[in-house]
Amino acid sequence: AGGTSWVASDSDAVGYWSATTGGHIANSGFTNVGIGTHVPNYELTVSGDVGVNEYIYHNGDPDTYIKFDSDSINLFAGNKSALKYQASSDEQFKR
């Protein structure tokens, strides 16, 4: 009751599913996954906006990441801030 159901669909894509509430996911040849697209070009292709709470990490390198906070973004490499933008600061880019 009230949830999203995924239904296998006929499509050009191999392994294509449609949600009963809208949207779709495609698995192209079982190597690329697409969200919101029938033909994913990369291992993960997202056609639309992506929401992130706070971090995006580089696989296999946990001290290289992007950190999001309220009105700021910070790029870390080797767990050191390499580039930072904070909207409330007069300095727009910090090293």
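Residues numbered from 1 in each chain as written. Predicted model: local features only at pLDDT ≥ 70, side-chain atom pairs only at ≥ 80, totals over all residues. Heavy atoms only, no water.

Undergrad: Go over the overall build of the chain, please, and point to the residues and values.
TA: Within the chain one finds 0 helices and 9 strands. From first element to last, N terminus to C terminus, the chain shows the α and β order β-β-β-β-β-β-β-β-β. Counting across all 95 residues of the chain, residues that qualify as buried make up 18%. The contacts of the chain with a sequence gap of at least 6 include a subset with a gap of at least 24, amounting to 2%. Carbon and sulfur atoms make up 49% of the accessible area of the chain, which totals about 7,200 Å². (Helix = DSSP H or I, 4+ residues; strand = E, 2+ residues; numbered from the N terminus. Buried < 20%, exposed > 50% of the residue type's maximum accessible area, 1.4 Å probe, protein only. Contact = heavy atoms within 4.5 Å. Areas by Shrake-Rupley, 256 points an atom, 1.4 Å probe, with all protein chains shown as cover.)

Undergrad: An account of the sheet that holds strand 9 (residues 80-86) is requested, with residue identities and associated values reported.
TA: What the 4 strands build is an open sheet, ordered 6-7-8-9; its pairing is antiparallel. At either margin of the open sheet sits one strand with a lone partner, and together these are strand 6 (55-58) and strand 9. Pairs of neighbouring strands in the sheet enclose a mean axial angle of 15°, with direction left out of account. The pairing of strand 8 (residues 72-77) with strand 9 spans 6 bridges and is antiparallel. Paired with Ser72 across the two strands is Gln86, which belongs to strand 9. (Pairing = 2+ DSSP bridges. Axes fitted to C-alpha atoms, helices over the stretch in contact; angles between N-to-C directions.)

Undergrad: So what about the pairing of strand 7 (residues 61-69)? Which residues, and what values?
TA: Sheet topology note: the strand 6/strand 7 ladder contains 4 bridges and is antiparallel. Looking at the pairing, Tyr55 lines up with Lys67 of strand 7. Hairpin connection from strand 7 to strand 8: 2 residues lie between these consecutive antiparallel strands, with Asp71 at a positive phi of about 55°.

Undergrad: Would you mind going over the side chain of Thr45 in detail, with residue names and values included?
TA: One can find Thr45 in strand 5 (residues 44-46). A distance of 3.0 Å separates the side chain of Thr45 from the backbone nitrogen of Asn41, its partner in a polar contact. (Polar contact = N/O pair within 3.5 Å; in protein donor to acceptor, adjacent residues only side chain to side chain.)

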